Each structure stands twice: as C-alpha cells, then as structure tokens.
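# Breakdown of the fold
Letter by letter, the chains look like this.
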Amino acid sequence: GAVVSQHPSWVICKSGTSVKIECRSLDFQATTMFWYRQFPKQSLMLMATSNEGSKATYEQGVEKDKFLINHASLTLSTLTVTSAHPEDSSFYICSATRLAESTDTQYFGPGTRLTVL
Amino acid sequence: KNQVEQSPQSLIILEGKNCTLQCNYTVSPFSNLRWYKQDTGRGPVSLTIMTFSENTKSNGRYTATLDADTKQSSLHITASQLSDSASYICVVSSYNTDKLIFGTGTRLQVFP
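Residues numbered from 1 in each chain as written. Chains lettered and ligands numbered in written order. Predicted model: local features only at pLDDT ≥ 70, side-chain atom pairs only at ≥ 80, totals over all residues. Heavy atoms only, no water.

Quick look at the overall build of chain A now. For chain A, the count of helices and strands is zero helices and eleven strands. Along its sequence from the N terminus, chain A presents helices and strands in the succession β-β-β-β-β-β-β-β-β-β-β. In terms of C-alpha radius of gyration, chain A reaches 13 Å, essentially the compact-globule figure of 13 Å for 117 residues. Dimensions of chain A along its principal axes, counting C-alpha atoms only, are 40 × 25 × 25 Å. Expressed as a percentage of the 117 residues in chain A, the buried residues total 52%. (Helix = DSSP H or I, 4+ residues; strand = E, 2+ residues; numbered from the N terminus. Rg over C-alpha atoms; globule rule 2.2 N^0.38 Å. Buried < 20%, exposed > 50% of the residue type's maximum accessible area, 1.4 Å probe, protein only.)

Here it is, written out as structure tokens:
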C-alpha cells in the first residue's frame, strides 16, 4: 500500500510554455502533499507543501506565481511550471502523507524529469 | 542549524563485497532517522526507520545503526548486488518541524 504516482514521467517543452505535473495517491487519501526539486547529484529540495482545499505553502526562494500548485482532492495535487525556462529543467518529485500518520512519514512518487529547450 | 551530512559522497565496490555508508546529523530535537534508496531517475524508497531508542534495524541485506549520543548513523550493505547501485539518502525528522531534513546522499556503484 501507499503508492504515489506521477504523470508524466518525463516531459520536454519549449521555453516559454507551461507544463503541468500530476501527483496522485493511488490507494490512500493524502492529507498533505509535498513537491520537491532535485538537480543532478544533489539531494531533494522542498519547494512547497500543500493541503487539500487550501493554498500551498512555498519555501523561501520559490516563486509561487511560477510554480502553481493545486491540491483539489485528497488524492491529487498538480504542479504547473509556468513560462518554463531552461533553468527550470530538473527532476520534480512529489510525496504524500496518509491520514492518521505524521507528516514525516512521506511516500514518494517516481518523479518527473522536465527538460526545457 | 539542522543539518545532515553523509559520507562518502560516492563509492565504488565490487559485486559481493560489503560496504558501510555514514550519516552525521545535527538535528534537534530528534524524532527519527530514515535511510532511503533512490535509483537513478526514480523517487526515493524507504529502507529503514529508527527512533531515538533504536540502535539497529535490518531490512534484508541492509542494516542501519543509530547512535543518538554521537548523532551518527550508518547503513551497512551485505553481499552487494548490481541492483544496489543507487543513491542512498539519510533523512532526519525533528519534532519541531514538518519538514524532512535530507542528507546529500551517497552514490553507490556496484561493478561485476
């Protein structure tokens, strides 16, 4: 149990376009979802935390207007990278926590590789 | 400042050999420590979790140790296999924050 999926697994887009990444908890309801970014040979960096039905909380230095997060249901959160630029190319990973579990028990998705040309 | 440091940064070993990865942390108050395995291009997968009172935890060929006094943890891999090639990330939780504190990882390569 506790499976998290992401779609797409990889995406290539032109500079200036917007890209939407989906994160779904397949077999549980997620109270909180997290979005991370990972550059090559580096560890995960938290971008934002989102709870169903409320606005996401962004980490310092993360532009909320550029990285739009929507957490419309207990099983789905989306990250939209608006007006993407080559420096946004990265590996984006989401995680989710289950109801009745603490937020430090996070189940990670498989990640989405974004390449902006 | 809450920090998690791992060593070595990278490691190459031959198939069948054992290895030990290190994790030092300065997180306080400490809640728990997890080791994750992350295959290239994939999300992290949990290997072990240890709380303050636990000294060792095993998961198959993976054995993690925790010394809460010295704030050190290790992950020992026995009889390595090619599929063990991955990054291993030490992650520490604190009671006074919802955020996980990630180490920079150790990249392990197992060669035949």
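The subject of this paragraph is a nonpolar patch on the surface. On the surface, Trp 10, Ile 12 and Leu 117 of chain A cluster together into a nonpolar patch covering about 390 Å² of accessible area. Positionally, Leu 117 of chain A belongs in the segment after strand 11 (112-116). (Patch = residues over 30% accessible without salt bridge, like charges linked within 9 Å, V, L, I, M, F, W, Y side chains within 5 Å. Areas by Shrake-Rupley, 256 points an atom, 1.4 Å probe, with all protein chains shown as cover. Salt bridge = Lys/Arg side-chain N within 4 Å of Asp/Glu carboxyl O.)

In the structure shown here, the tally under the stated rule is seven salt bridges over all chains. The salt bridge involving Glu 59 of chain A is made with Lys 99 of chain B; its shortest N-O contact spans 2.8 Å. Note that Glu 59 of chain A is positioned in the loop between strand 6 (57-58) and strand 7 (67-73) and Lys 99 of chain B in the loop between strand 9 (86-94) and strand 10 (101-102), a pairing that runs across two chains. Judged by its relative accessible area of 38%, Lys 99 of chain B is partly exposed. For Asp 88 of chain A, the salt bridge is made with Lys 66 of chain A, and the minimal N-O distance between the two is 2.9 Å.

So, about the sheet that holds strand 3 (residues 19-25) of chain A. All names here are of chain A. Taken in spatial order, the four strands line up as 1-3-8-7 in an open sheet, and their pairing is antiparallel. Across the chains shown, the open sheet's two edge strands, defined by having one partner strand only, are strand 1 (4-7) and strand 7. When strand polarity is set aside, the average angle formed by the axes of neighbouring strands in this sheet is 15°. In terms of strand pairing, strand 1 meets strand 3 through four bridges, oriented antiparallel. Opposite Gln 6, over in strand 3, you have Cys 23 as the bridge partner. (Pairing = 2+ DSSP bridges. Axes fitted to C-alpha atoms, helices over the stretch in contact; angles between N-to-C directions.)

In this complex, chain B contributes 17 residues to the contact, which on the side of chain A involves 16 residues. In total, chain B and chain A occlude about 1300 Å² of area from one another, counting both sides; carbon and sulfur atoms represent 52% of this. At the boundary of chain B and chain A, one finds one salt bridge. Here chain B is connected to chain A by eight residue pairs in polar contact (both at pLDDT 80 or more). Elements represented by at least two residues in the side of chain B that touches chain A include exactly strand 4 (30-38) and strand 9 of chain B. If one sorts the elements of the side of chain B that touches chain A by residue count, strand 4 of chain B sits on top with five residues. Grouping the constituent residues of the side of chain B that touches chain A by class yields five nonpolar, eight polar and four charged. (Contact = heavy atoms within 4.5 Å. Buried area = accessible area lost by both parts, 1.4 Å probe. Polar contact = N/O pair within 3.5 Å; in protein donor to acceptor, adjacent residues only side chain to side chain. Nonpolar A, V, L, I, M, F, W, Y, C, P; charged D, E, K, R; others polar.)

What follows is about the state of the cysteines. Disulfide: a covalent bond formed between the sulfur atoms of two cysteine residues. Residues and elements named next belong to chain B. The tally for this structure, following the rule as stated, stands at two disulfides over all chains. Paired through a disulfide, Cys 23 and Cys 90 show a sulfur-sulfur distance of 2.0 Å. Taking the sign of the torsion about the S-S bond as the criterion, the disulfide between Cys 23 and Cys 90, at about -65°, is left-handed. One end of the pair, Cys 23, is in strand 3 (residues 19-25); the other, Cys 90, is in strand 9, and 67 residues separate them in sequence. The exposure classification of Cys 23 matches that of Cys 90, with both residues buried. (Disulfide = S-S within 2.5 Å.)

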